[in-house]
Amino acid sequence: ADIEGEVTSGSGRLIVAGSFDANAEERLQLRLSGENFTAVDIPEFNATVSPDLTLQLRGEQLRLRGEIAVPRARQDFVADGEERDAEEETSGALALDSDVDVVLGQDVRLAGFGLKGKLDGRIGIRDRPGRATVARGGIQVSGEYKAYGQDLTITRGRLSYASTPLDNPALDVRAEREIDAVTVGVQVRGTAFAPELTLWSEPALDQAEQLSYLVLGRPLRSASQADGAQLS
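Residues numbered from 1 in each chain as written. Predicted model: local features only at pLDDT ≥ 70, side-chain atom pairs only at ≥ 80, totals over all residues. Heavy atoms only, no water.

## Describing the overall build of the protein chain
Here's step 1: When its secondary structure is counted, the protein chain shows 2 helices and 13 strands.
Here's step 2: Relative to the compact-globule value of 17 Å for 232 residues, the protein chain shows a C-alpha radius of gyration of 23 Å, a clear excess of over 25%.
Here's step 3: Dimensions of the protein chain, computed from C-alpha atoms along their principal axes, come out at roughly 80 × 35 × 25 Å.
Here's step 4: Taking all 232 residues of the protein chain together, 37% fall into the buried category.
Here's step 5: Sequence-distant contacts, at least 24 apart, represent 43% of the contacts inside the protein chain between residues at least 6 apart.
Here's step 6: Here the protein chain contributes 25 positively and 38 negatively charged side chains, and the mean placements of these two sets differ by 4 Å. (Helix = DSSP H or I, 4+ residues; strand = E, 2+ residues; numbered from the N terminus. Rg over C-alpha atoms; globule rule 2.2 N^0.38 Å. Buried < 20%, exposed > 50% of the residue type's maximum accessible area, 1.4 Å probe, protein only. Contact = heavy atoms within 4.5 Å. Lys, Arg positive; Asp, Glu negative; His and termini not counted. Charge placed at Lys NZ, Arg CZ, Asp CG, Glu CD.)

## Description of the pattern of salt bridges
Pairing between side chains becomes possible if they bear opposite charge and their charged atoms approach one another.
Here's step 1: A complete count under the given rule lists 16 salt bridges for this structure.
Here's step 2: Note that R74 and D107 form a salt bridge whose closest N and O atoms lie 3.0 Å from each other. Of this pair, R74 sits in strand β6 (residues 61–76) while D107 sits in strand β7 (residues 95–112), and the two are 33 residues apart along the sequence.
Here's step 3: Owing to a relative accessible area of 24%, D107 belongs among the partly exposed residues under this scheme.
Here's step 4: Ionic pairing is found between R136 and D99, a salt bridge with its closest N-O pair at 2.9 Å. Note that R136 is positioned in strand β9 (residues 134–147) and D99 in strand β7, a separation of 37 residues in sequence.
Here's step 5: A relative accessible area of 23% places D99 in the partly exposed class.
Here's step 6: It is possible to trace a salt-bridge network through shared partners that takes in E67, D99, D101, R122 and R136. (Salt bridge = Lys/Arg side-chain N within 4 Å of Asp/Glu carboxyl O.)

## Some points on the nonpolar core
Here's step 1: Grouped together as the largest cluster of nonpolar side chains are 48 residues, with contacts concentrated most on L115, Y145 and V186.
Here's step 2: Residues within four places of L115 in sequence aside, it is in contact with L110, V141, E144, Y145, I154, L159 and V173. (Core = buried A, V, L, I, M, F, W, Y, C linked by side-chain atoms within 4.5 Å.)

## What to know about the environment of Y148
Here's step 1: Inspection of the secondary structure assignment puts Y148 in the loop between β9 and β10 (150–165).
Here's step 2: The spacing of Y148 and V186 is 38 residues in sequence and 9.7 Å in space, taken between C-alpha atoms.
Here's step 3: Excluding anything up to four places from it in sequence, Y148 contacts V186, L197, L199, L211, L214 and V215.

## Considerations on the pairing of strand β4 (residues 37–42)
Sheet faces and side chains relate simply in a regular strand, where the side chains alternate between the two faces.
Here's step 1: With 5 bridges connecting them, β4 and strand β5 (residues 45–58) associate as antiparallel partners. Directly across from V40, in β5, lies its bridge partner A47.
Here's step 2: Connecting β4 to the antiparallel partner β5 that follows it, the hairpin turn spans 2 residues. (Pairing = 2+ DSSP bridges.)

## Structural notes on unusual backbone geometry
Here's step 1: With omega at 0°, the peptide bond leading from E202 into P203 counts as cis.
Here's step 2: Summarising the element assignment, P203 is placed in the loop between β13 (195–202) and α1 (207–215).
Here's step 3: Even without a glycine there, the phi angle at Y148 is positive, about 55°.

## Quick word on the side chain of T183
Here's step 1: Positionally, T183 belongs in strand β12 (residues 182–190).
Here's step 2: Sequence-distant contacts of T183, defined by excluding residues within four places in its chain, comprise E176, R177, E178, W200, S201 and E202.

## Points about the packing of aromatic side chains
Here's step 1: According to the stated counting rule, one finds 0 aromatic pairs in the structure shown.
Here's step 2: The ring centre of W200 lies 3.7 Å from the NZ or CZ of R174, which sits over that ring. (Phe/Tyr/Trp six-rings, centres within 6.5 Å; stacked < 30°, edge-to-face > 60°. Lys NZ or Arg CZ within 6 Å of the ring centre and 35° of its normal.)

## Some details on α1
Here's step 1: When you tally the buried positions in α1, you get 7 out of 9 residues, the bulk of the element.
Here's step 2: Listed in full, the buried residues belonging to α1 are E209, Q210, L211, S212, Y213, L214 and V215.
Here's step 3: Where α1 is buried, its residues meet β10, β11 (170–179), β12, β13 and α2 (225–231).
Here's step 4: The first or second residue beyond α1 is G217, which carries a positive phi of 80°.

## What to know about the confidence of the model for the protein chain
Here's step 1: Here the protein chain averages 88 in pLDDT, and 93% of its residues register 70 or above.
Here's step 2: Predicted confidence for residues 79–87 stays below pLDDT 50, and this span has 9 contacts to residues more than four positions away or in other chains. (pLDDT = per-residue confidence, 0-100.)

## Digging into the pairing of strand β3 (residues 26–35)
Here's step 1: The sheet contact formed by strand β2 (residues 12–20) and β3 spans 8 bridges and is antiparallel. Bridge pairing in β3 links A17 to R31.
Here's step 2: Connecting β2 to the antiparallel partner β3 that follows it, the hairpin turn spans 5 residues.
Here's step 3: With 7 bridges connecting them, β3 and β5 associate as antiparallel partners. Within the sheet, the bridge partner assigned to Q29 lies in β5 and is Q56.

This is how it looks when you write it as structure tokens:
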């Protein structure tokens, strides 16, 4: 059988073309392509995608390959730190083996992990039966990072993946605020579930002064007793 069809969602559409042969080793072969297709639209996440994917069915396993461009997305992501179960397959369902590149476009935004801003970059997402979903590549971040109750401007931001879980990227974020002639900020390393923060300032100050400028917006000598308790 030859297969042709299309699905509309939002302002875009997804075109499906391929074939099915019950006697062939690869029984099903499909190509899925489209532009500005609304793939997800729920309160915490919505995304418009332009996919170019191939889907094959061999035995009881689906094989998915290709690329998905994401011109627009909004993600309100709260990290809970819980371990994900790699064995979440439904009994009797077809096993999925996927290797898909996701390319972020000009209007992709994230709120989560203390970050609030714009994302761009490219990551490869690998999903195999019985294993946790992992990613490779990197995403650039601009916008704000929240630390010590302050919204700091990100001057360098990157989420990195090296075959690591999709929801726990490595962080390399430098964010700052300026108060008079002092620039103070945080350097964030580690991972999304276990971030490691260090303070820095220009000119160089001791850590207590850095924290005072960061949290209170003024030097330690002008802090009140209540301010001191807040800093502690």
